[in-house]
Amino acid sequence: MLITFEGIDGSGKSTQARMLEEHLRSEGRSVRLVREPGGPPLAECIRSLLLSHDVEISPFAELLLFSAARAQLVRETIRPALNAGSVVICDRFYDSTTAYQGAGRGLADPAWLDEFHKHVTDGLTPDRTYLIDVSVAVASGRRSGRDEDEADRMESGGENFFERVRAAYLHLAEREPARVLVLDGTLPVDVLHTMIVEDFVRLPNTK
Ligand code: TYD
């Protein structure tokens, strides 16, 4: 099974991804948690390029770099783990590209992007996507609690950028209600975790 977590920077999705991983592990299940961009050596190299402030990257090159990292992660890590029977939890997947590059950077032809993602992921789609939704104001408030210097190149996009990203995520959820579950990211962490576990056990193919 492939489970993905999505949301704007500061939504709290990474915390929820880790909590689900720990929960499943504590139940004795084989779980693999991965994050995007990253994982295999190639994807980690691409990650440092993408998040660095020192490298000029045009929007279309950015789209291809995120996708190149994903193509490697799918083939080197996700597919083999799924074939071995593990639950794979992915902190971001191709919906991030639709939201950040497609809508945020304004590159979108959504139909083209959908088709492109299929090639990048070798046809792999998540069984469930948890979209942790918070307003841009809440997310930026949480991010400003971190060290200022830590803001990476993507996080320097500005409020309008994140408004477009958030709207694109919500639009995706409307378009694919059977896959994407929207959760209120302002709920307490434990409440959200419980909702996610309750949903997970009801999914088809949850062994
Ligand atoms: P990261 O520090 O991992 O942020 P987060 O914990 O919020 O996931 O940085 C990933 C950044 O890359 C984040 O700002 C979202 C962005 N991103 C894209 O723009 N497109 C993509 O396809 C992916 C996977 C991430």
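Every value quoted in this text rests on a predicted model; they were computed, and no experiment measured them.

**Focus: the site of the ligand**
Contacts to the ligand come from 15 residues, most closely from D9, K13, R92, T97 and Q101. Within the side chain of T97, an N or O atom sits 2.5 Å from an oxygen atom of the ligand. The contact in question runs from an oxygen atom of the ligand to an N or O atom on the side chain of D152, over 3.5 Å. Across the complex, the protein chains shield 90% of the 550 Å² of accessible surface that the ligand would expose by itself. Looking at which element gives the most residues to the shell around the ligand, the answer is helix α4 (residues 94-104), with 4 residues. Of the residues assigned to the shell around the ligand, the class counts are 4 nonpolar, 4 polar and 7 charged.

**Brief notes about the pattern of salt bridges**
With the rule as written, the count across this model stands at 14 salt bridges. In this structure, K13 engages D91 in a salt bridge whose closest nitrogen and oxygen atoms are separated by 2.7 Å. A residue pair is termed long-range when its members are at least 10 positions apart, and K13 in helix α1 (residues 13-26) and D91 in strand β3 (residues 87-91) qualify at 78 residues. Among the residues examined, K13 registers a relative accessible area of 8% and is labelled buried. The shortest N-O distance in the salt bridge between E21 and R25 comes to 2.6 Å. Of this pair, E21 and R25 are both found in helix α1, 4 residues apart, which corresponds to roughly one turn of the helix. The exposure class assigned to E21 is buried, which follows from its relative accessible area of 14%. Under the relative-accessibility criterion, R25 is labelled partly exposed at 43%.

**Focus: α4**
Counting buried residues in α4 gives 10 out of 11 residues, a clear majority hidden from the surface. Taken residue by residue, α4 has Y94, D95, S96, T97, T98, A99, Y100, Q101, G102 and G104 as its buried positions. Looking at the buried residues of α4, the elements they touch are β1 (2-6), α3 (59-83), α5 (110-120), β4 (128-133) and α7 (159-175). A positive backbone phi angle near 70° is found at G106, which sits one or two residues after α4.

**Comments concerning the sheet that holds β1**
Think of a sheet as strands paired side by side through backbone hydrogen bonds, with each pair either parallel or antiparallel. The 5 strands lie next to each other as β2-β3-β1-β4-β5, forming an open sheet whose pairing is parallel. In this open sheet, the two strands that pair with only one neighbour each are β2 (31-35) and β5 (180-184). Neighbour-to-neighbour, the strand axes of the sheet open up by a mean angle of 20°, direction not taken into account. Of the strands in this sheet, β1, β4 and β5 are in contact with α7, which crosses β4 at around 140°.

**Some thoughts on the nonpolar core**
Grouped together as the largest cluster of nonpolar side chains are 23 residues, with contacts concentrated most on I8, Y100, V165 and Y169. For this core, the secondary-structure elements that each account for two or more residues are α2 (41-51), α3, α4, α6 (136-144) and α7. At 7 residues, α7 tops the list of elements feeding residues into this core. If we ignore the near neighbours within four places in the chain, the residues touching Y169 are E6, G7, I8, R92, D95, S96, A99, Y100 and L131.

**A closer look at the packing of α1 against helix α8 (residues 189-202)**
Orientation of α1 relative to α8, taken along the N-to-C sense of each, is 55°, at an axis distance of 10 Å. Here α1 is positioned oblique relative to α8, judged by the angle of their axes. Where α1 crosses over α8, the two elements pack in a sense that is right-handed. The segment α1 lies against α8, with T15, Q16, M19, L20, H23 and L24 engaging V189, D190, L192, H193, I196, V197 and F200. Taken together, the residues of the contact of α1 with α8 break down into 8 nonpolar, 4 polar and 1 charged.

Rules used throughout
Along each chain, the written sequence defines residue order, and numbers are assigned to residues from 1. A pLDDT threshold of at least 70 governs which residues receive local features in this predicted model, and a stricter bar of 80 or more applies before side-chain atom pairs are shown or counted, although totals over entire chains, interfaces and linings include all residues. The side-chain numbers reported here are obtained from all heavy atoms of the structure, hydrogens and water having been left aside. For this description, a residue counts as near a given molecule or strand if any of its non-hydrogen atoms is within 4 Å of it. In protein, a polar contact means a hydrogen-donor-capable atom and an acceptor-capable atom, both N or O and within 3.5 Å, with residues adjacent in sequence counting only if both atoms are side-chain atoms; elsewhere, any N or O pair within 3.5 Å suffices. The accessible surface values rely on the Shrake-Rupley method and a 1.4 Å probe; as for residues, cover is taken only from the protein chains in view. The helix and strand labels rest on DSSP assignments: H or I over at least four residues marks a helix, E over at least two residues marks a strand, and numbering proceeds from the N terminus. Residues are sorted three ways: Asp, Glu, Lys and Arg are charged, Ala, Val, Leu, Ile, Met, Phe, Trp, Tyr, Cys and Pro are nonpolar, and all the rest, Gly among them, are polar. For this document, the term salt bridge refers to a Lys or Arg side-chain nitrogen within 4 Å of an Asp or Glu carboxyl oxygen. Using a 1.4 Å probe on the protein chains alone, a residue whose accessible area is under 20% of its type maximum counts as buried, one over 50% counts as exposed, and one in between counts as partly exposed. Two residues qualify as a contact provided that any one of their heavy atoms is within 4.5 Å of a heavy atom in the partner residue. Any two strands between which DSSP finds at least two bridges are classified as paired. For helices, the fitted line uses only the C-alpha atoms of the stretch in contact; every axis is such a line through C-alpha atoms, and the angle between N-to-C directions lies from 0 to 180 degrees. The term nonpolar core refers to a set of buried residues drawn from Ala, Val, Leu, Ile, Met, Phe, Trp, Tyr and Cys, joined through side-chain atoms within 4.5 Å. To sort the angles, those under 35 degrees are grouped as roughly parallel, those over 145 as roughly antiparallel, those from 65 to 115 as roughly perpendicular, and the leftovers as oblique. Take the far helix as the reference: if the near one is turned anticlockwise from it by less than a right angle, the crossing is left-handed, and if turned clockwise, right-handed.

Geometric descriptors of this kind do not, in isolation, establish any biological role.
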